[in-house]
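# Descriptive analysis of the structure
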Amino acid sequence: MFRLPAPSLRGKSDVDNIGVCVRAGGEAVLFLFLLLLFSCTQRERSKDASPSALKYALRTTPVKDQGKVEACWIYAYLACIETERIENYGDSMNLSPIWLVRNLLLEQASESYLSQGNMPISVRGIGPDAERLLKQYGMVQWSTYCPDDINSKALTRIVRQKVKIAVNNRMGLKRLNKDVDEALPFIPHNLRKGFYLYSAHYTPKQFGESILYGIKFSWLTSYKHHPYGESFVLEIPDNHHRHALMNVPVQDMYSQVIEALKNHHPVYWEGQMPRNREPSIDGDIATLRQRALERFTTTDQHAMAIVGQTKTKQGETLFICKNSWGKDWGMKGYCLMSKEDFLINTILVGVVGER
């Protein structure tokens, strides 16, 4: 079940403080008082939808709106990076998802051309591919590159058409790359050569390396058709680059998420958005997960950043999720995910830790 938290209690600069830091016994304890009024699917209020007590809530940046850009996986991944930099390094930065979308389309245009138009062009993907793109193409600030009203389906159609023309005329990669580059959202003058941030000059590649310094994602999944304790290529529609993930028991995956949040690290989440009813866990969870995967009732439909944990008065664990559908969705762009939804609907997670 997803429930909706109250708006952020206060903001500072470009950071949203979901949690209020209260000193108790010399230790900083994060509190977040949530008013659980409605579900995001407009279900009736349940008995456990009451204000909660102790939780972990990480500081994060303002909620973004992906609009018509089918790249929630990029938005969720960068939300984790932003949260980790604020929470553990004191760096307040707002990153540009469209920078990675742009470079992904340029990359796919070249690949599709060399395959004579047979390789697909799409901005859909999974979390590990966002990590690959960031390492390969770097990053820029949101304020430096934030084109408005981007429609990724329209962009992919344009790129496909450019590739088709280039293949038919055997134009070569140099001419194709120029045509595709000009068709994509405009890059400000000299941005490729670098920009200034906090009086320091960075190229996109240098900035990408800087924000990843000290951060490591452990990519986990949990399915019975491969051995636990080994990595395997997850067979889901959007794993185009065939990324391998570590396969662990589902309770182990859940425990690692809990531990990361307690240690002030965000978690990348990808899976099936919950439907109108609480998932039924009647039987072995691993078997239910496997059945849902094989019957396509659980897919890599959406991605969010888990940025906190709370409990209801009844003791139910809830994850605080930061979405990328704007502040008009849910309660200021956030929602709560129950343990049951996590166990059944999660395809993969990226647990953030220190290198």
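Residues numbered from 1 in each chain as written. Predicted model: local features only at pLDDT ≥ 70, side-chain atom pairs only at ≥ 80, totals over all residues. Heavy atoms only, no water.

## Considerations on the packing of helix H2 (residues 97-114) against helix H4 (residues 152-169)
- Closest axis-to-axis distance for the H2/H4 pair is 10 Å, and the angle between their directions is 30°. Remark: the crossing between H2 and H4 carries right-handed chirality. Facing H2, whose interface residues are Leu105, Ala109, Ser112 and Tyr113, H4 presents Leu155, Thr156, Val159, Val163, Ala166 and Val167.
- Split into classes, the residues belonging to the contact of H2 with H4 amount to eight nonpolar, two polar and no charged. (Axes fitted to C-alpha atoms, helices over the stretch in contact; angles between N-to-C directions. Helix = DSSP H or I, 4+ residues; strand = E, 2+ residues; numbered from the N terminus. Left-handed = near helix turned anticlockwise from the far one by under 90°. Contact = heavy atoms within 4.5 Å. Nonpolar A, V, L, I, M, F, W, Y, C, P; charged D, E, K, R; others polar.)

## So, the packing of aromatic side chains
- Taken as a whole and assessed by the stated rule, the structure comprises 12 aromatic pairs.
- Both rings, one in Phe195 and one in Phe207, keep their centres 5.3 Å apart while their planes meet at 85°; by these two values the pair is edge-to-face. In this pair, Phe195 sits in strand E8 (residues 195-197) while Phe207 sits in helix H6 (residues 204-212), placing the two residues 12 residues apart along the sequence. Pair check on accessibility: Phe195 and Phe207 agree, each one buried.
- Here Phe319 and Phe342 contribute two aromatic rings whose centre-to-centre distance is 5.3 Å and whose plane-to-plane angle is 70°, an arrangement assigned as edge-to-face. In this pair, Phe319 is assigned in strand E15 (residues 317-322) and Phe342 in helix H9 (residues 339-345), connecting sequence segments 23 residues apart.
- Among the aromatic residues, those joined into a cluster by ring pairs are Tyr77, Phe217, Trp219 and Tyr268.
- The cationic tip of Lys64 hangs over the ring face of Trp142; the distance from NZ or CZ to the ring centre is 5.6 Å.
- Residue placement shows Arg289 over the ring face of Tyr223; its charged tip is 4.6 Å from the ring centre. (Phe/Tyr/Trp six-rings, centres within 6.5 Å; stacked < 30°, edge-to-face > 60°. Buried < 20%, exposed > 50% of the residue type's maximum accessible area, 1.4 Å probe, protein only. Lys NZ or Arg CZ within 6 Å of the ring centre and 35° of its normal.)

## Structural notes on the pairing of strand E12 (residues 244-247)
- Pairing between strand E10 (residues 215-221) and E12: two bridges, direction parallel. Within E12, the position partnered with Thr221 by the bridge is Asn247.
- Here strand E11 (residues 231-233) runs beside E12; their pairing, made up of three bridges, is antiparallel. Its bridge partner being in E12, Phe232 is matched across the sheet by Leu245. (Pairing = 2+ DSSP bridges.)

## Overview of the confidence of the model for the protein chain
- Residues with a pLDDT of 70 or more make up 81% of the protein chain, whose mean pLDDT is 84.
- Mean pLDDT across the secondary structure elements of the protein chain bottoms out at strand E4 (residues 20-24), with 28, and peaks at E12, with 98.
- Counted against residues more than four places away or in other chains, residues 1-15, with its pLDDT under 50, gives 72 contacts.
- Confidence drops under a pLDDT of 50 for residues 17-54, and excluding neighbours within four residues, the segment shows 95 contacts in the predicted structure. (pLDDT = per-residue confidence, 0-100.)

## Some remarks on H2
- With 18 residues, H2 should cover 26 Å at 1.5 Å per step; its first-to-last C-alpha distance of 26 Å lies within 8% of that length.
- The buried fraction of H2 amounts to 16 of the 18 residues, a majority that puts the element mostly inside the structure.
- Just beyond H2, the residue with positive phi is Gln116, at close to 60°. (Expected span 1.5 Å × (residues − 1).)

## Remarks on the pattern of salt bridges
- Tallied over the entire structure, the rule returns 11 salt bridges.
- Linking Glu82 and Lys64 is a salt bridge whose minimum nitrogen-to-oxygen distance equals 2.8 Å. Note that Glu82 is positioned in helix H1 (residues 72-89) and Lys64 in the loop between strand E7 (59-60) and H1, a separation of 18 residues in sequence.
- Among the ionic pairs, Lys178 bridges to Glu182, the shortest N-O distance being 2.8 Å. Residue Lys178 and its partner Glu182 are located together in helix H5 (residues 173-183), separated by four residues, close to a single helical turn.
- According to the relative accessible area criterion, Lys178 is partly exposed, its value standing at 46%.
- Residues joined in a network through salt bridges with shared partners are Arg102, Asp181 and Arg192. (Salt bridge = Lys/Arg side-chain N within 4 Å of Asp/Glu carboxyl O.)

## Section: helix H3 (residues 127-137)
- Most of H3 is tucked away: eight of the 11 residues are buried.
- Once H3 ends, the next one or two residues include Gly138, with phi positive near 75°.

## Considerations on the packing of H1 against H2
- It is the contact of H1 with H2, at a shortest axis distance of 9 Å, that shows an interaxial angle of 135°. The pairing of H1 with H2 is recorded here as oblique in orientation. Crossing geometry of H1 relative to H2 is assigned as right-handed. Here Trp73, Ile74, Tyr75 and Leu78 of H1 come into contact with H2, specifically with Pro97, Ile98, Leu100, Val101 and Leu104. (Parallel < 35°, antiparallel > 145°, perpendicular 65-115°, else oblique.)

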